[in-house]
Amino acid sequence: MSGQDTQSGFANANDGDNQMESEGADSAAQDVIAALQAENADLKDRILRAVAEMENLRKRTQREISDARSYAIADFARDMLGATDNLARALAMAPEHLLNNEDPAIKSLIEGIEMTEREMQRLMQKHGVRPIIAEGQKFDPHKHQAMFEVEDETVPAGTVVQVVQTGYEIGERVLRPAMVGIAKGGPRAAARSEEQAA
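Keep in mind it's a predicted model, so treat the numbers as computed, not measured.

Caption draft 1: Examining the overall build of the protein more closely. From N to C terminus, the protein includes five helices and six strands. The order of helices and strands in the protein, counted from the N terminus, is α-α-α-α-β-β-β-β-β-β-α. Here the protein, with 198 residues, has 18% of them falling under the buried criterion. Of the contacts made within the protein by residues no fewer than 6 positions apart, 67% connect residues no fewer than 24 positions apart.

Listed below in structure tokens is the structure:
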């Protein structure tokens, strides 16, 4: 072999090495690109999850603030119900001769109790505390507390026929269930409505 042939052999070998190095570099570059794309997708996923979590947190916080505003006075209102009931009981239990008494001191006392009871009712309604309408309604264990049953064939069984103590609610929450007497022995509401339709 001549020197020229040897050089061209080395050149061919170098070209082969360069080509292998070039393919290796391309392969390494593609690996780096694939790794960067995977990392990019992972980071994008994390960002989307973080944004969704923040949105959920914002909504949950708004709901909690709304509930706190709506129900902040619930414990106080529940305590005030007893005082309001006592005023109403005082008026209900006062003998007739005291209610119609001409003595200015007694008349003023009765009027003062009536005005105080009305004002307390007005203020509770102003702050969202509403009485639960029970009489004539179907018994609802979430809003009513059954105290006794009454034999009454004229109304469907399970209907509230007497209210012993008025219940109250604030928003969708029950502060105090209505204490009621319910009918038993009458036809069921569904059976009665079928009879009326026939």
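There's plenty left to go through after this.
Caption draft 2: Examining the pattern of salt bridges more closely. Counted by the stated rule, this structure contains ten salt bridges. Residues Glu-169 and Lys-143 are paired through a salt bridge, measuring 3.5 Å at the closest nitrogen-oxygen approach. A residue pair is termed long-range when its members are at least 10 positions apart, and Glu-169 in strand S4 (residues 167-170) and Lys-143 in the loop between strand S1 (129-132) and strand S2 (144-151) qualify at 26 residues. On the basis of relative accessibility, which here comes to 30%, the residue Lys-143 falls in the partly exposed class. A salt bridge links Lys-184 to Glu-151, with the nearest nitrogen and oxygen atoms 3.6 Å apart. Taken together, the positions of Lys-184 in strand S6 (residues 178-184) and Glu-151 in strand S2 put the pair 33 residues apart, joining distant regions of the chain. What you see here is one network of salt bridges that share partners, running through Arg-130, Lys-143 and Glu-169.

Here is what the cut-offs are and how they apply
Residues numbered from 1 in each chain as written. Predicted model: local features only at pLDDT ≥ 70, side-chain atom pairs only at ≥ 80, totals over all residues. Heavy atoms only, no water. Helix = DSSP H or I, 4+ residues; strand = E, 2+ residues; numbered from the N terminus. Buried < 20%, exposed > 50% of the residue type's maximum accessible area, 1.4 Å probe, protein only. Contact = heavy atoms within 4.5 Å. Salt bridge = Lys/Arg side-chain N within 4 Å of Asp/Glu carboxyl O.

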